[in-house]
Amino acid sequence: MLKRIEGSRAVAEAVAMCRPQVICAYPITPQTHIVEALSAMVKKEELAAEFLNVESEFAAMSVAIGASAAGARAYTATASQGLLYMSEAVWNAAGLGLPIVMTVANRAIGAPINIWNDHSDAMSQRDAGWLQLYAETSQEALDLHIQAFRIAEELSVPVMVCMDGFLLTHASERADIPEQAQVDAFLPRYEPRQVLDPGDPVSIGAMVGPEAFTEVRYLAYERMRQALEVIPAVRTGFAAGFGRDSGGLVRPYLTEDAEVVVVALGSVLGTVKDTVDELRADGMKIGVLGITTFRPFPADAVRLALGTRTRHVVVIERALAPGSGGIVTGDIRAALAAWDLHISTVIAGLGGRAVTRKSLLGLLRGGDLPPLTFLDLNTTLVEAEVARMSAARRSGPSAENILRDLGITASRIG
């Protein structure tokens, strides 16, 4: 059924149709609308699930771990500082091989405080052992949640579905909401690979010494390798059952003859594709490669997606690794290490700054890019703060100094 719906509500309806048995969450912007909608469904008895209000994000993931270990289909959601607060439990869920599904409504990490979108939160957990799927649209966010439960339970691994905060969670778009019967046919009844049974008591997550720890970690690596085969198969099954292509590993766009390929994740892909269409009309051989599955990283699929004429890869990054640069770029470089390519990193959209077609056109028309570029960086502000720090030992907090230079806030409180 097609209807105009907020992204968060679309995800909530998709999750509900997956029949989770335990839902637990602690509210944090911008994921709150998802769990609010699910809690209302439970209260109205539209969804037969146990909804637990917990005291923190750490507790939310801990409850999900307990529920999943006991054999329940478990779901939660978080964002930003909340994901960091549950980080220890996030690693535990993966180490225990529990098929929990979690929405991450991507949001910047402080300090300074910022509630707007970038990918810093999920990127901080990229090596925790969770699959990470990134949605381009609200429709894909809906679809990826249905696929995520299938993938998680097939492999017995947890899955993060990452959707850009506000840009997708709070935007209303037309979405095709499936029927319950379609979801039931696609997602079988949950049959856990492991379950705690009072009749056969065991310990899980207990001490493992050097004699076996490498082997345990290798199995986590092996499950990720298996995911590279399962995810495309699930995508194919989803297309057959729902009548639309969604999910998968990567999404190439006009890459067959492209000399320049722009790589990106998430909602920015729409703007990038519009930009590429305009550049194509001007005669530039350029394409786009959207990464849907970031963990495990689909190196083979990336290589297959690039055309034989590709000479320059531009990676749009929505997160920054200080002291290094781009995060996605590292995986792209490793995947293409044997190829003679120019690879550029573009840091863009941090803390919710708009990534506009105008800025991308100027960037991509400007000729060869350096290894690292900060899109739309206000160099005047940066140079003023660098000069301030050089001139005085007590230069003060940089964030507040920059806001004062912009005239946005006072230099003193009171």
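Relevant structure appears above.
Report on the accompanying structure. Please read these numbers as outputs of a predicted model, since none were measured by experiment.

To continue, consider the overall build of the protein chain. Along its length, the protein chain carries 15 helices and 15 strands. Taking 2.2 N^0.38 as the reference for a compact globule, 414 residues should give roughly 22 Å; the C-alpha atoms of the protein chain span a radius of gyration of 22 Å, in line with that estimate. Seen along its three principal axes, the alpha-carbon backbone of the protein chain occupies a region of about 70 × 60 × 55 Å. Relative to its 414 residues, the protein chain shows a buried fraction of 52%.

With that settled, the discussion passes to the nonpolar core. The biggest cluster of nonpolar side chains holds 104 residues, and the ones touching the most others in it are L38, M61, Y75, W130 and I332. Take this core: its biggest share by element is nine residues, from helix α7 (residues 138-155). The contact partners of L38, leaving out residues within four places of it in the chain, are A12, V15, A16, I23, L47, F51 and Y75. Ranked by size, the runner-up nonpolar core spans 21 residues in total, among them V260, A264, I286 and L360.

This part covers the sheet that holds strand β15 (residues 372-374). Pairing in this open sheet of six strands is mixed, and the strands run β9-β11-β10-β13-β14-β15 from one edge to the other. Looking at the sheet topology across the chains shown, the edges are occupied by β9 (250-253) and β15. In this sheet, neighbouring strand axes are inclined to one another by 20 degrees on average, regardless of whether the strands run parallel or antiparallel. Of the strand pairs in this sheet, strand β14 (residues 342-347) and β15 are connected by three bridges, and their pairing is parallel. For I347, the partnering residue across the bridge sits in β15 and is F374. Along the sheet face, helix α12 (residues 328-335) touches β10 (260-264), β13 (312-317) and β14 and points at about 155 degrees away from the line of β13.

As for its placement among the helices and strands, E229 is situated in helix α9 (residues 213-242). The sequence separation of E229 and G248 amounts to 19 residues, and the corresponding C-alpha distance is 9.8 Å.

On to the state of the cysteines. As enumerated under the stated definition, the model contains zero disulfides in all. This cysteine, C18, is not joined by any disulfide, and C24 carries the nearest cysteine sulfur, 16 Å off. When its relative accessible area of 0% is taken as the criterion, C18 is described as buried. We classify C24 as buried; its relative accessible area is 0%.

Applying the stated criterion across every chain, the model contains six aromatic pairs. Between F186 and F238 the ring centres are 5.6 Å apart and the planes differ by 90 degrees, which places this aromatic pair in the edge-to-face class. In this pair, F186 sits in helix α8 (residues 180-186) while F238 sits in helix α9, placing the two residues 52 residues apart along the sequence. A centroid spacing of 6.2 Å and a plane angle of 85 degrees characterise the contact between F294 and F297, whose relative ring orientation is edge-to-face. For the residue pair F294 and F297, the accessibility class agrees, reading buried in each case. Members of the aromatic cluster, connected to one another through ring pairs, are Y134, F294 and F297. The positively charged end of K273 is found above the aromatic ring belonging to Y253, 5.6 Å away from the centroid.

By the element assignment, S395 lies in the loop between α14 (379-391) and α15 (398-406). Owing to a relative accessible area of 17%, S395 belongs among the buried residues under this scheme. For the pair S395 and E50, spaced 345 residues apart in the sequence, the C-alpha separation amounts to 52 Å. Setting aside residues no more than four positions away along its own chain, S395 makes contact with R388, M389 and N401.

The rules behind these values
Here the residue index of a chain counts from 1 through its sequence in written order. In view of the model being predicted, local features appear only for residues whose pLDDT reaches at least 70, and side-chain atom pairs are presented and counted only at 80 or more, with totals across whole chains, interfaces and linings using the full set of residues. Water and hydrogen atoms were dropped before computing side-chain values, which therefore reflect all heavy atoms in the structure. Runs of E in the DSSP output that reach at least two residues are strands. Runs of H or I that reach at least four are helices, and both are numbered from the N terminus. Throughout, the radius of gyration refers to the C-alpha atoms, and the reference size of a globule is 2.2 Å times the residue count to the power 0.38. Partly exposed describes any residue whose relative accessible area lies between the buried limit of under 20% and the exposed limit of over 50%, with all areas from a 1.4 Å probe on protein chains only and scaled to the type maximum. We call a set of buried residues a nonpolar core when its members are Ala, Val, Leu, Ile, Met, Phe, Trp, Tyr or Cys and they connect through side-chain atoms within 4.5 Å of each other. Should any heavy atoms of two residues lie within 4.5 Å, those residues are counted as being in contact. By the convention used here, strands pair only if DSSP detects at least 2 bridges between them. Think of each axis as a best-fit line through the C-alpha atoms, taken over the contacting stretch in the case of a helix, with angles from 0 to 180 degrees between the N-to-C directions. Criterion for a disulfide: a pair of cysteine sulfur atoms within 2.5 Å. Between rings of Phe, Tyr and Trp, where Trp is taken as its six-membered ring, a pair exists when centres lie within 6.5 Å; planes separated by under 30 degrees are stacked, by over 60 edge-to-face, and by other angles tilted. In this scheme, Lys NZ or Arg CZ marks a charge over a ring once it lies within 6 Å of the ring centre and within 35 degrees of the ring normal.

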